[in-house]
There are 2 protein chains.
Amino acid sequence: VADELARIGYAGDEPLGQRRFAAFLELHIEQGPILEAEDKTIGIVTGGQGLSWFDGTITGMDSHAGTTPMTTRRDAMAALAELTLAIEAVALKNQPHGVGTVGEVEVRPGSRNTVPGTVRFKGEVRHPERETLEAMTTAVKERAAGIAAARKVDIALTPVAFKPPLDFDAAVVGAVAAAAEANGYPAREMISGAGHDAFYLASTCPTGMIFVPCANGISHNEEESATEADCTAGAQVLLDALLRLDAALSP
Amino acid sequence: VADELARIGYAGDEPLGQRRFAAFLELHIEQGPILEAEDKTIGIVTGGQGLSWFDGTITGMDSHAGTTPMTTRRDAMAALAELTLAIEAVALKNQPHGVGTVGEVEVRPGSRNTVPGTVRFKGEVRHPERETLEAMTTAVKERAAGIAAARKVDIALTPVAFKPPLDFDAAVVGAVAAAAEANGYPAREMISGAGHDAFYLASTCPTGMIFVPCANGISHNEEESATEADCTAGAQVLLDALLRLDAALSP
């Protein structure tokens, strides 16, 4: 990264990490349905869930869809179907927090008339407890191996990222809670389901986050929306919490 | 078609259907595993299975993969996974001949980090008996409706083609059988799993087909292969059957 920044003229003079922050706070919409459902204005974010990302390639055998008996097929798409439901089942077994998704899929050769011989996909599972997240990751691998054996296909799962769950700083979380209470905003503690800048800053200084409600919990969608009143409340808590932290942390 | 043929200068002088054929015979690899498995040289094709083709669009809701609880998701990919296994199950319930395939899939928006809100796919079921083929088509529709209701997604299935099963002409089938026997080739009656030119000619004249084995039943794949000896046997049966038909049909 340093080499590339130098190459494009964006490296700057200051060495990485020289400017220390006393604390970091991030204000964000919840990107989920909880605050709206419970009629709360402020989410006091205590930490973030962990995630386990994996890429997969399923290799079966291209063959004619009309002439290949069901019993001799090696159908990569049928195998992905079973694995997608298995990932969903692993998440459902680890409620209330577990989630699992297959979000990207490429089916080859891609003809109605041909049993698919190759599927590539990208998936993930998430959970706020490290032990459970690791168990979910293992369960997905085991289900993939079982499906591969039963369907005579190869399923290669490549881990892409494993981010363990994160606890935010107690003093920052406390400042957010005190600021919400002082302003009379209904609030609750919660974890972040998504990743945020704050997750990276948390390794360098005391860090926390503030959530405000969003309509129907929708995010990553053009319908994403938050009210002006909730955004104002969020900004007020951000200011008040920073003043509290400033007072507490100043020498 | 006539207009376009005229426009590009390929229309010709002869009106469509003026040249009548006394009979039509087509020689082809089986594109399936049966002849090889039973050590037969000639497949006496008695007809073709019917097929039911459909296009599908599943509409759920794009949402953040990390923050959307499993219970509030409307995941179009998970719905396709369930429907793909349902189509497979419908085919497996109608053995030994039923087949079912999902061969083309497009998942949108196509991000690991987003629960897919839209899936488009192309699928089919096939069976050699019309009544069963219709029942399989109905079963797929019913399963789709059930999955859509349970998962709060919309599943639109559009029929693209319905080709009923086809019986070849008894005299042509008989000529193929007699030619195989006269040459001492091990033979068996069978149906065609794939569509062929002969299926269209069958509506205009007495028609039949001859199959020869192919390696591992593989077709629509670069590994497609047939031995010279089997191709020679097929050509011999084609010639002998045509001579028999010529003798039988000549005035």
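Structure shown above.
Residues numbered from 1 in each chain as written. Chains lettered and ligands numbered in written order. Predicted model: local features only at pLDDT ≥ 70, side-chain atom pairs only at ≥ 80, totals over all residues. Heavy atoms only, no water.

**Notes on helix α5 (residues 170–182) of chain A**
Residue and element names in this part refer to chain A.
Argument step 1. Helix length check: α5 (13 residues) gives 18 Å between terminal C-alpha atoms against 18 Å at 1.5 Å per residue, within 8%.
Argument step 2. Among the residues of α5, V172, V173, A175, V176, A179 and A180 are the ones counted as buried. The buried residues of α5 occupy an angular sector of 160° when projected down its axis, which confines them to one face. Along α5, exposed side chains directed more than 90 degrees from the buried face belong to A170, E181 and A182. (Helix = DSSP H or I, 4+ residues; strand = E, 2+ residues; numbered from the N terminus. Expected span 1.5 Å × (residues − 1). Buried < 20%, exposed > 50% of the residue type's maximum accessible area, 1.4 Å probe, protein only. Arc of directions from axis to C-beta.)

**Let's talk about the pattern of salt bridges**
Argument step 1. Following the criterion strictly, the structure yields 20 salt bridges over all chains and no others.
Argument step 2. For R19(A), the salt bridge goes to E14(A), with nearest N and O atoms at 3.5 Å.
Argument step 3. What makes R19(A) exposed here is its relative accessible area of 60%.
Argument step 4. Via salt bridges that share partners, E82(A), R151(A) and E88(B) belong to a single interconnected network. (Salt bridge = Lys/Arg side-chain N within 4 Å of Asp/Glu carboxyl O.)

**A word on a nonpolar patch on the surface**
All names here are of chain A.
Argument step 1. Together, V1, L5, I8 and Y10 make up an exposed nonpolar region whose accessible area comes to about 470 Å².
Argument step 2. Mapped onto the fold, I8 is located in the loop between α1 (2–7) and β1 (24–29).
Argument step 3. A residue is classified by how much of its surface remains accessible, and I8, at 45% relative accessible area, is partly exposed. (Patch = residues over 30% accessible without salt bridge, like charges linked within 9 Å, V, L, I, M, F, W, Y side chains within 5 Å. Areas by Shrake-Rupley, 256 points an atom, 1.4 Å probe, with all protein chains shown as cover.)

**Some words on helix α3 (residues 76–92) of chain B**
Residue and element names in this part refer to chain B.
Argument step 1. Over its 17 residues, α3 extends 24 Å from the first C-alpha to the last, a length consistent with the 24 Å expected when each residue adds 1.5 Å.
Argument step 2. A large share of α3 lies buried, amounting to 14 of its 17 residues.
Argument step 3. Capping of α3 at its N-terminal end is provided by D75; its side-chain oxygen lies 2.9 Å from the backbone amide nitrogen of M77. (Polar contact = N/O pair within 3.5 Å; in protein donor to acceptor, adjacent residues only side chain to side chain.)

**Observations concerning the relation of the copies chain A and chain B**
Argument step 1. If you rotate chain A by 180° and push it 0.1 Å along the axis, it lands on chain B with an RMSD of 0.1 Å. Classification of the inter-copy transformation places it as that of a two-fold axis. Of every C-alpha in chain A, the one belonging to A81(A) sits nearest the axis of rotation, 2.0 Å from it.
Argument step 2. The share of interface residues of chain A whose copies in chain B are also at the interface is 100%, consistent with both copies meeting through the same surface. (Least-squares fit on C-alpha atoms with pLDDT ≥ 70 in both. Contact = heavy atoms within 4.5 Å.)

**Quick look at unusual backbone geometry**
Residue and element names in this part refer to chain A.
Argument step 1. With an omega of 10°, the peptide bond running from Q95 to P96 counts as cis.
Argument step 2. With respect to the secondary-structure elements, P96 resides in the loop between α3 (76–92) and β5 (99–108).
Argument step 3. Positive phi outside glycine occurs at Q31, with the angle close to 65°.
Argument step 4. Positionally, Q31 belongs in the loop between β1 and α2 (34–38).

**Re the packing of α3(A) against α3(B)**
Argument step 1. Running from amino to carboxyl end, α3(A) crosses α3(B) at an angle of 130°, the nearest separation of the two axes being 8 Å. By the angle between their axes, α3(A) is oblique relative to α3(B). Judged by the sense of rotation from one axis to the other, the crossing of α3(A) with α3(B) is left-handed. Of the residues in α3(B), those touching α3(A) at M77(A), A78(A), L80(A), A81(A), E82(A), T84(A), L85(A) and E88(A) are M77(B), A78(B), L80(B), A81(B), E82(B), T84(B), L85(B) and E88(B).
Argument step 2. Its residues placed into classes, the contact of α3(A) with α3(B) shows 10 nonpolar, 2 polar and 4 charged. (Axes fitted to C-alpha atoms, helices over the stretch in contact; angles between N-to-C directions. Parallel < 35°, antiparallel > 145°, perpendicular 65-115°, else oblique. Left-handed = near helix turned anticlockwise from the far one by under 90°. Nonpolar A, V, L, I, M, F, W, Y, C, P; charged D, E, K, R; others polar.)

**Considering the interface of chain A and chain B**
Argument step 1. Facing 59 residues of chain A, the contacting portion of chain B comprises 59 residues.
Argument step 2. Both sides together, the interface formed by chain A and chain B hides about 4,700 Å², and carbon and sulfur atoms give 59% of it.
Argument step 3. Taken as a group, M70(A), R112(A) and H220(A) account for 19% of the area that chain A buries against chain B, more than any other trio of residues on that side.
Argument step 4. Across the contact surface, chain A and chain B share 4 salt bridges.
Argument step 5. Notably, a salt bridge pairs R151(B) with E88(A), separated by 2.7 Å at the nearest N-O pair.
Argument step 6. By residue number, the principal contributor to the side of chain A that touches chain B is α3(A), which donates 10 residues.
Argument step 7. Tallied by class, residues from the side of chain A that touches chain B come to 23 nonpolar, 23 polar and 13 charged. (Buried area = accessible area lost by both parts, 1.4 Å probe.)

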